[in-house]
Amino acid sequence: MIEIVETGPFNTVQDLGRPGYRDIGVSASGAMDPLAVKIGNILVGNAEGAATLEIQTFPFRLIFKRRSAFVVSGTDGNPLLDGIELLPWCAYNAEVGQVLELKQPPKLARAYVAIGGGVDVPCIMGSRSTSLRGNFGGNAGRPLEKGDRIAVGEEAGILPIPASGLGVVEPAVALLEFFPRSADGSLLIRALPAGEHKLFVGDGEAFWSQTWRISSRSDRTGYRLSGDPVVPMEIVEMRSHGVVPGVIQVPPGGEPIVQMSDANTAGGYPKIVGVIECDLWRLGQARIGTRLQFVRSSYAEARAIEQAVASYIEDVRRTSGQIKRALKAMA
Amino acid sequence: MSAIDFSDPATIAFLTDALTAASVAGLEISAPSGQLRIVISGAGEAKIGSNRSVQPGSVSPVLVRAPLAGYFCVAHLSGSAEASSLPRAICATEVLGFIRVGPVLLPVSAGRSGTVTRLLAEVDAMVGYGAPLFEIEVQS
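Every chain is numbered independently, its residues counted from 1 as its sequence is written. As they are written, the chains are lettered A onward and the ligands numbered 1 onward, keeping that order. Predicted model: local features are reported for residues with pLDDT of at least 70 only, side-chain atom pairs are reported and counted for 80 or more only, and whole-chain, interface and lining totals are derived from all residues.

Trainee: Got a sec to walk through the overall build of chain A? Specific residues and values, please.
Mentor: Looking only at helices and strands, chain A has five helices and 21 strands in total. Against the globule reference of 20 Å for 331 residues, chain A gives a C-alpha radius of gyration of 20 Å, in line with a compact fold. Along the longest, intermediate and shortest principal axes, the C-alpha atoms of chain A span 70 × 40 × 30 Å. Looking at the 331 residues of chain A, the share that counts as buried comes to 47%. By definition, residue pairs are in contact when their C-beta atoms, positioned from the backbone, come within 7 Å. Taking as baseline every contact in chain A between residues at least 6 positions apart, the subset at least 24 positions apart corresponds to 75%. A run of H or I in DSSP counts as a helix once it spans at least four residues, and a run of E counts as a strand once it spans at least two, with each numbered from the N terminus. Radius of gyration: C-alpha atoms only; globule rule: 2.2 Å multiplied by the number of residues to the exponent 0.38. Once C-beta atoms are placed from the backbone, each residue is buried if 20 or more other C-beta atoms lie within 10 Å of its own, exposed if 12 or fewer, and partly exposed for counts between those two.

Trainee: Please set out the overall build of chain B residue by residue, giving values where relevant.
Mentor: Along chain B, the regular secondary structure elements total one helix and 11 strands. Going through the 140 residues of chain B one by one, you find that 21% of them count as buried.

Trainee: Which residues make up the domain arrangement of chain A, and what are the values?
Mentor: All names here are of chain A. All domain edges in this entry derive from an automatic or database-based domain assignment. Assigned domains of chain A: these are domain 1 (2–168) and domain 2 (178–297). If you average the C-alpha positions of domain 1 and of domain 2, the two centres end up 28 Å apart. Each partner contributes residues to the interface: domain 1 has 19 residues there, and domain 2 has 13 residues. Classifying every residue of the side of domain 1 that touches domain 2 by side-chain character gives nine nonpolar, six polar and four charged. Three classes are used: nonpolar for Ala, Val, Leu, Ile, Met, Phe, Trp, Tyr, Cys and Pro, charged for Asp, Glu, Lys and Arg, and polar for all others, with Gly counted as polar.

Trainee: For the pairing of strand 13 (residues 187–193) of chain A, give the residues involved together with the corresponding values.
Mentor: Residue and element names in this part refer to chain A. Note: two strands are recorded as paired if DSSP finds a minimum of 2 bridges between them. In this structure, strand 13 lies alongside strand 21 (residues 291–296), joined through five bridges in parallel fashion. Bridge assignment links Arg190 to a residue of strand 21, and that residue is Val295. Of the strand pairs in this sheet, strand 13 and strand 20 (residues 271–275) are connected by three bridges, and their pairing is antiparallel. Each bridged residue has a counterpart across the sheet, and for Pro193 the counterpart in strand 20 is Val273.

Trainee: So, unusual backbone geometry: which residues are in play, and what are the values?
Mentor: Residue and element names in this part refer to chain A. Cis geometry is found at the peptide bond from Phe58 to Pro59, where omega equals -5°. Along the chain, Pro59 falls in the loop between strand 3 (52–55) and strand 4 (60–64). Even without being glycine, Ser29 reaches a positive phi, approximately 55°. Along the polypeptide, Ser29 turns up in the loop between strand 2 (12–14) and helix 1 (34–44). Unlike most non-glycine residues, Trp89 shows phi in positive territory, near 60°. Tracing the backbone shows Trp89 in the loop between strand 7 (84–85) and strand 8 (90–94).

Trainee: Outline the interface of chain A and chain B, supporting the account with residue identities and numerical values.
Mentor: Listed by partner, the interface residues are 21 residues for chain A and 15 residues for chain B. Residue assignment for the side of chain A that touches chain B shows that the elements contributing at least two residues are strand 12 (166–168), helix 2 (171–174) and helix 5 (299–330) of chain A. The dominant element in the side of chain A that touches chain B, judged by the number of residues it contributes, is helix 5 of chain A, at eight residues. Considered class by class, the residues forming the side of chain A that touches chain B number 14 nonpolar, five polar and two charged. Looking at chain direction, strand 12 of chain A and strand 8 (residues 104–109) of chain B are connected through two bridges and run antiparallel. Counted as the bridge partner of Gly167 of chain A is Leu105 of chain B from strand 8 of chain B.

Trainee: Could you give me a rundown of the sheet that holds strand 15 (residues 222–226) of chain A, with the residues and numbers involved?
Mentor: Ordered by their spatial adjacency, seven strands build a closed barrel running 13-20-17-18-15-14-21 (chain A), and the pairing between neighbours is mixed. Direction aside, the axes of adjacent strands within the sheet are offset by 40° on average. Working convention: axes come from line fits to C-alpha atoms, limited for helices to the stretch in contact. Angles between N-to-C directions cover 0 to 180 degrees.

Trainee: An account of the sheet that holds strand 11 (residues 149–150) of chain A is requested, with residue identities and associated values reported.
Mentor: Backbone hydrogen bonds are what pair the strands of a sheet, in a parallel or an antiparallel way. Residue and element names in this part refer to chain A. Read from one edge of the open sheet, six strands run 7-6-9-4-1-11, paired in antiparallel fashion. Of all the strands in the sheet, just strand 7 and strand 11 have a single pairing partner and so form its edges. Bridge analysis of strand 6 (residues 80–81) against strand 7 gives two bridges, and the strand direction is antiparallel. Across the sheet, residue Leu80 finds its bridge partner in strand 7, namely Glu85.

Trainee: An account of the packing of helix 1 of chain A against helix 5 of chain A is requested, with residue identities and associated values reported.
Mentor: Residue and element names in this part refer to chain A. Between helix 1 and helix 5, whose axes approach to 9 Å, the crossing angle comes to 15°. If you check the angle between helix 1 and helix 5, you find them roughly parallel. Once helix 1 is placed against helix 5, the crossing between them reads as right-handed. For the pair formed by helix 1 and helix 5, the contact residues are Leu35, Lys38, Ile39, Ile42 and Leu43 on the first element and Val309, Ile313, Val316, Arg317 and Ser320 on the second. Of the residues contributing to the contact of helix 1 with helix 5, the split by class is seven nonpolar, one polar and two charged. Orientation is classified from the angle alone, with under 35 degrees giving roughly parallel, over 145 giving roughly antiparallel, 65 to 115 giving roughly perpendicular, and any other angle giving oblique. Should the near helix be turned anticlockwise from the far one by less than a right angle, the crossing is termed left-handed; should it be turned clockwise, right-handed.

Trainee: Which residues make up helix 1 of chain A, and what values go with them?
Mentor: The buried count for helix 1 of chain A comes to 11 of 11 residues, which makes it a mostly enclosed element. Backbone geometry just downstream of helix 1 of chain A places Gly45 of chain A in the positive-phi region, at approximately 100°.

Trainee: So what about the environment of Asp82 of chain A? Which residues, and what values?
Mentor: All names here are of chain A. Here Asp82 lies in the loop between strand 6 and strand 7. Its 11 C-beta neighbours within 10 Å are what place Asp82 among the exposed residues. Residues Asp82 and Glu101, 19 residues apart in the sequence, show an inter-C-alpha distance of 7.8 Å. Residues contacting Asp82, with those up to four places away along its chain left out, are Gln98 and Val99.

Trainee: Would you mind going over the nonpolar core in detail, with residue names and values included?
Mentor: Buried Ala, Val, Leu, Ile, Met, Phe, Trp, Tyr and Cys residues whose C-beta atoms connect them within 7 Å together make up a nonpolar core. Formed by 101 residues in total, the largest nonpolar core has its most connected members in Phe70, Ala91, Val113 and Ala114 of chain A. The residues contacting Ala114 of chain A, other than those within four sequence positions of it, are Val37, Gly40, Asn41, Val44, Asn46, Ala50, Thr52, Phe70, Val71 and Ser73 of chain A.

Trainee: Give a description of the environment of Ser298 of chain A that names residues and reports values.
Mentor: Residue and element names in this part refer to chain A. Among the secondary structure elements, Ser298 is positioned in the loop between strand 21 and helix 5. Among the residues examined, Ser298 registers 11 C-beta atoms within 10 Å and is labelled exposed. Along the primary structure Ser298 and Pro193 are separated by 105 residues, whereas in three dimensions their C-alpha atoms are 9.2 Å apart.

Below is the structure:
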């Protein structure tokens, strides 16, 4: 059991989402940074898709009501346990009554709190994610509030976390060659041309060549991008069609919308590109005001990045288990 | 009565002979001036460790050792912290470095507050279990 002591708005319980129900109008939801959820869960010894807390407004504080292993992942800020600074991306043990505090991270948008045993809210349609649009899932279908007491699953069979903690080289560093940084500090996001790409002048030149900015009209549903409008060569009447996270649509105003975790299930705006799935977590960690540049990718490149990420996750799972077992045997 | 100097070779030899004669396996003495440890092995040979304080009664050096074999890193790999210059005051829970195995990092802390005086292992080099990593001076 944990109790929320302090929280901002729109902090929710999220896991890896609720796919498979878009045909009946149910958004997938799920963490904006699923890689942080997987690594956090693996470090504490959970299944990689266990439910976590997604914290996107700060400060946030919770109190542990029982001894628990926990990780704060995804973030570049240092969490505090009873006022003592800890490392992000590192599993620790918390004693009963200890308070975990997350302050505004320096650069990134979201922090994930994974707890040994997982956040134990009811599983609805295969997921514990909060659907804010549907008011169901997660903690009573709503954001976390001060005073919420939330159950945590049993830690049965979980190997103990070393007393000094157990961390990882975070994905952005470990996989640097697969997630390049631009010289001017803008975020490079790989994408593939989508269904209506041909409607845009010069092979979408205006879209690909400019630096976009994530506008303040952005949330878990989608990011609206600010920049020089891109307009199609002809206005086409389109029937609504299915959309998924990563699809970038261009509404009549010409400023693109990137569909994110709480993406609508259908839409009628022309789709110019789709962000490759392996770059979605980096968009999920980009704050309002972040400058973005889109880089034309290929299926082969997207697949290679996917394989590198999968191999990193598997390496963390295998090695962290080996280290925990070795230290337990030596203890 | 004057204090016995446990670092005096004659005293150590006398104690070793006395322990051997009495079939005692060993002894360990901690005094303000330092520590003395004598272990009598089966073949009648003694292993002697003597550790004399630099400033008797105030400071004693302690080694922080590798809790596991792996690559030794001093700074967090996220680049959020850089290796600080030495000597440097530290608190008990402060992370001094890491043992890295693949992508996994095992933090190393001193477990007590004091001053880090020396870095004893090569950064980014493979170290074995128990290898000395840091020397710290602990205020007693």
